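Here is what each chain is made of, one letter per residue.
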Amino acid sequence: QFSLDRIPRSREVRQSWISSVATTLYSIVYSLPLTYKRKPDLILCNGPGTCVPVCLSAFLLGLLRIKRTIIVYVESICRVETLSLSGKILYYFSDYFIVQWPDLKKKYPKSVYLGRIV
Amino acid sequence: FRFKDSLAEDLQSADLVISHAGAGSCLETLEKGKPLIVVINDKLMDNHQLELAKQLHRDGHVLYCDCSTLVETLQSMDLSALKPFPPGQPEKFASFLDRVLGLQ
């Protein structure tokens, strides 16, 4: 049994970074009430910018003691040496940050390395 | 052809695959155990595609060239030097999640 909710994208492919700030803020404003309504126990995400507003909303709800959500972020297998922008942000806000290459584990010691998932 | 829903059949019957550095293309080919030459297009390249292609090359799983060196690579390639690509282990991730959520 599941339900689907749609959220606006934080950034379209090749969208300019400056306008992305505006679209991301819009996504955050949209995601906050949705996350509050759903109060997830777990957020599992794999990287796109679109997941950042939801994760930040959940993090905020945790800070406000409204709901404690476990945030698990899995960085893309394409990321061998550097993190994506979403990764760089969520490294600090996620409970578990999973990387798929050992180099990243060295650079980001709080991350979890379980080998390649795919 | 321009588009197929799945390349699985074509991959299965191929002896050699020459591909761009897309993660899906590379991983699907390597999972089927086919020799792979990755062609980098500097102008189109996404930074993170390049990271994966380079790492796969460093680990000895693929050959690697750009458009201008493709012919030379085909002429001098030694496919037997390519190492087999071990499968990913999603079950480790699954048990990790079980532990995190207290389900184990």
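Residues numbered from 1 in each chain as written. Chains lettered and ligands numbered in written order. Predicted model: local features only at pLDDT ≥ 70, side-chain atom pairs only at ≥ 80, totals over all residues. Heavy atoms only, no water.

Tell me about helix 2 (residues 51-63) of chain A, residues and numbers included.
All names here are of chain A. With 13 residues, helix 2 extends 19 Å from end C-alpha to end C-alpha; this agrees with the ideal 18 Å at 1.5 Å per step. All of the buried residues along helix 2 are Cys 51, Val 52, Pro 53, Val 54, Cys 55, Ser 57, Ala 58, Leu 61 and Gly 62. The elements touched by buried residues of helix 2 are helix 1 (17-38), strand 1 (42-45), strand 2 (70-74) and helix 3 (85-90). One or two steps after helix 2, the chain reaches Arg 65, where phi turns positive at roughly 60°. (Helix = DSSP H or I, 4+ residues; strand = E, 2+ residues; numbered from the N terminus. Expected span 1.5 Å × (residues − 1). Buried < 20%, exposed > 50% of the residue type's maximum accessible area, 1.4 Å probe, protein only. Contact = heavy atoms within 4.5 Å.)

Before we move on, can you summarise the UniProt feature "transmembrane region" (unreviewed entry) in chain A with the specific residues and values?
All names here are of chain A. Per the UniProt annotation, the sites labelled "transmembrane region" (unreviewed entry) are residues 16-36 and 42-64. Along residues 16-36 one finds 95% helix and 0% strand; the C-alpha atoms at either end are 30 Å apart. Summarising residues 42-64: 57% helix, 17% strand, and an end-to-end C-alpha distance of 17 Å. (UniProt positions renumbered as here; feature names shortened; annotations may be inferred.)

Please give an account of the sheet that holds strand 1 of chain A that cites residues and values.
As a general point, the strands of a sheet are linked pairwise by backbone hydrogen bonds and lie either parallel or antiparallel. Residue and element names in this part refer to chain A. The parallel open sheet is built from 4 strands, whose spatial order is 1-2-3-4. Edge strands, defined here as strands with exactly one partner in the open sheet, are strand 1 and strand 4 (112-113). Running at roughly 155° to strand 1, helix 2 makes contact with strand 1 and strand 2 of the sheet. (Pairing = 2+ DSSP bridges. Axes fitted to C-alpha atoms, helices over the stretch in contact; angles between N-to-C directions.)

Talk me through the environment of Val118(A); I want residue IDs and the actual numbers.
Relative to the elements of secondary structure, Val118(A) occurs in the segment after strand 4. For the pair Val118(A) and Ile66(A), spaced 52 residues apart in sequence, the C-alpha to C-alpha distance is 35 Å. Among all residues touching Val118(A), those that are not within four sequence positions of it are Ile77(A), Gln100(A), Leu27(B), Glu31(B) and Gly88(B).

Could you give me a rundown of the sheet that holds strand 3 (residues 63-66) of chain B, with the residues and numbers involved?
Residue and element names in this part refer to chain B. Here 3 strands make up an open sheet; going across it, the order is 1-2-3 and the pairing parallel. The sheet is open, and its two borders are formed by strand 1 (17-19) and strand 3, each paired with just one other strand. Each strand axis lies, on average, 25° off the axis of its neighbour in the sheet, ignoring direction. Taken together, the 4 bridges between strand 2 (residues 36-40) and strand 3 define a ladder with parallel strand orientation. Residue pairing across strands places Val 38 opposite Tyr 64, the latter belonging to strand 3. Where helix 2 (residues 23-31) meets the sheet, it contacts strand 1 and strand 2, and its direction lies at approximately 170° from that of strand 2.

An account of the confidence of the model for chain A is needed here, citing residue identities and associated values.
Scored by pLDDT, chain A has a mean of 93; 100% of the residues are at 70 or more. Within chain A, the element-level pLDDT minimum falls on helix 1 of chain A, averaging 92, and the maximum on strand 3 (residues 96-99) of chain A, averaging 97. (pLDDT = per-residue confidence, 0-100.)

Which residues make up the packing of helix 1 of chain A against helix 2 of chain A, and what values do they have?
Residue and element names in this part refer to chain A. The N-to-C vectors of helix 1 and helix 2 enclose an angle of 50°; their axes lie 8 Å apart at closest approach. With respect to each other, helix 1 and helix 2 are oriented oblique. As for how helix 1 packs across helix 2, the hand of that crossing is right-handed. Between helix 1 and helix 2, the contacting residues are Thr 24, Ser 27, Ile 28, Ser 31, Leu 32, Thr 35 and Tyr 36 on the first element and Pro 53, Val 54, Leu 56, Ser 57, Ala 58, Leu 60 and Leu 61 on the second. (Parallel < 35°, antiparallel > 145°, perpendicular 65-115°, else oblique. Left-handed = near helix turned anticlockwise from the far one by under 90°.)

Quick rundown of the pattern of salt bridges? Include the residues and the values.
The tally for this structure, following the rule as stated, stands at 8 salt bridges over all chains. Between Arg9(A) and Glu12(A) there is a salt bridge, and its shortest N-O distance comes to 3.4 Å. Across the pair Asp10(B) and Lys4(B) runs a salt bridge whose closest N-O atoms are separated by 2.7 Å. Its relative accessible area of 31% is what places Asp10(B) among the partly exposed residues. (Salt bridge = Lys/Arg side-chain N within 4 Å of Asp/Glu carboxyl O.)

Describe the interface of chain A and chain B, with residues and values.
Taken together, the contact pairs 19 residues of chain A with 21 residues of chain B. Summed over both sides, the interface between chain A and chain B buries roughly 1,900 Å², with carbon and sulfur atoms accounting for 69% of that surface. Looking at the side of chain A facing chain B, the largest losses of area belong to Cys78(A), Leu114(A) and Arg116(A), adding up to 32% of the total buried there. At the surface where chain A touches chain B, the tally comes to 2 salt bridges. The salt bridge involving Glu81(A) is made with Arg58(B); its shortest N-O contact spans 2.7 Å. Broken down by class, the residue content of the side of chain A that touches chain B amounts to 15 nonpolar, 1 polar and 3 charged. (Buried area = accessible area lost by both parts, 1.4 Å probe. Nonpolar A, V, L, I, M, F, W, Y, C, P; charged D, E, K, R; others polar.)

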